[in-house]
Amino acid sequence: MAKLLIVADLERKGIATSRGLNIAARTGMNSEVVAFVYAPLKALQLATAERAKIKAQLIENRREEVQTEIDKRVADGQKVKLRVVWEKDVASWVAARCEGSRYDMMIKTGRRLETIAHTSTDWQLLRECSVPVLILAEKKWSRTKPVLAALHLDTKIPAKKKLNEEILRRSKQLASAMDTTVEIVSAIEIPVLLADLDLIDPGTYVADAKKAMARQIKALAAQFDIPQKQFTVKKGPVEKVIAS
C-alpha cells in the first residue's frame, strides 16, 4: 500500500495536515503525520531529570495538539499514524526517513525563510529528499485547475526519459485523485553563446527541437492516454517557461 508522509504544521494556520489527509484519502494512500518539537533545554539550569520531564511534557502537548487536528480532518476508515519527534533539523530527519521505499510522497506547508546565511527547510527537502516533495501554498485550494508536469522532452539520456515517464505517471495519479487534468510543458532553451557567435541559427534550432520533441510527445501521449493538445512546447529559459 502506498504511503504519504505529512509534515505537521508548526502553527495552526498551516494547511499541510488537512490537505495532506485529503490527498491521501483521494489517492487511497495510508498516511503518517510527523510532528516536530524542540526547545534548547540544555540552556536551563536544571537537573537532568527535570529537563527530561519538561521534554516529555512538550512532546505530549504536541501529540495532543496534532492528534486533535487529525481527528477533525480524517475520513472514515482512513489509516493515519502520528509520530512526534524531538528534532531541530527537520530537513535532515525527513530526508533520512524517506530513504528507501518507505513513502511514495511527502507533503509540507511552504515557508519562505531563506537568507544569505540560511537555506530554508523547503529548499533542502527539494534537493535532498529521495521521494516526490509537494510544497503547499497557503492559498485557497482550487479543484478546477490542472496539474502541471514539466518534462525534458528533447533528452536522449535513458535515465531522464525514465524520469519523464515517472513524472507523468505520478501527475496523472494526482490529477485523477483531484478530479482534474494534466498539462505538460517543455522548454526549448537556445544556447545563447552559440547563437551570439552565429554558430547556430535560433529559428532552425527551435524548429529542429520541436520536430524531435513531437516524436516524444506522440509516444508519451499514447503511453499515458493523454491528448497531444495537452503538451505545450515553448522557447525560452526553463525557469521562465515553467513559471509563465
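One structure accompanies this document, and this report is about it. (Residues numbered from 1 in each chain as written. Predicted model: local features only at pLDDT ≥ 70, side-chain atom pairs only at ≥ 80, totals over all residues. Heavy atoms only, no water.)

### Some points on the packing of helix H1 (residues 16-27) against helix H2 (residues 48-73)
For any two helices packed against each other, the geometry comes down to the angle between their axes and how far apart the axes lie. In contact at an axis separation of 10 Å, H1 and H2 are set at 40 degrees when each is read in the N-to-C sense. Looking at the two axes, H1 sits oblique to H2. Note that H1 runs across H2; the crossing there is right-handed. For the pair H1 and H2, contact is made by Thr17, Ser18 and Leu21 and by Glu69, Ile70 and Arg73, respectively. Partitioned by chemical class, the residues of the contact of H1 with H2 number two nonpolar, two polar and two charged. (Axes fitted to C-alpha atoms, helices over the stretch in contact; angles between N-to-C directions. Helix = DSSP H or I, 4+ residues; strand = E, 2+ residues; numbered from the N terminus. Parallel < 35°, antiparallel > 145°, perpendicular 65-115°, else oblique. Left-handed = near helix turned anticlockwise from the far one by under 90°. Contact = heavy atoms within 4.5 Å. Nonpolar A, V, L, I, M, F, W, Y, C, P; charged D, E, K, R; others polar.)

### Overview of the sheet that holds strand S7 (residues 182-188)
Here we have three strands laid out as an open sheet, ordered S6-S7-S8, and parallel in their pairing. Both outer strands of the open sheet, strand S6 (147-150) and strand S8 (231-235), are each paired with one neighbouring strand and no more. Between one strand axis and the next, the sheet turns by 30 degrees as a mean value, whatever way the strands run. Both S7 and S8 contribute to a ladder of five bridges, which runs parallel. By the bridge assignment for S8, Ala187 is matched with Lys234. (Pairing = 2+ DSSP bridges.)

### As for the environment of Leu174
Take Leu174: it is sitting in helix H5 (residues 158-177). Take Leu174: its relative accessible area is 18%, and that puts it in the buried class. With near-sequence residues (within four places) excluded, Leu174 lies in contact with Ile23 and Val147. (Buried < 20%, exposed > 50% of the residue type's maximum accessible area, 1.4 Å probe, protein only.)

### A few points about H2
Taking 1.5 Å as the rise per residue, H2 with 26 residues should run 38 Å; its terminal C-alpha atoms sit 38 Å apart, in good agreement. Listed in full, the buried residues belonging to H2 are Ile59, Arg62, Val66, Glu69 and Ile70. In this structure, the buried side of H2 is in contact with H1, strand S2 (30-37) and strand S3 (80-86). (Expected span 1.5 Å × (residues − 1).)

### Some remarks on a positive patch on the surface
Together, Lys156, Lys161, Lys211 and Arg215 make up a positively charged patch on the protein surface. Looking at the element boundaries, Arg215 is found in helix H7 (residues 202-224). The exposure class assigned to Arg215 is exposed, which follows from its relative accessible area of 57%. (Patch = residues over 30% accessible without salt bridge, like charges linked within 9 Å, V, L, I, M, F, W, Y side chains within 5 Å. Areas by Shrake-Rupley, 256 points an atom, 1.4 Å probe, with all protein chains shown as cover. Salt bridge = Lys/Arg side-chain N within 4 Å of Asp/Glu carboxyl O. Lys, Arg positive; Asp, Glu negative; His and termini not counted. Charge placed at Lys NZ, Arg CZ, Asp CG, Glu CD.)

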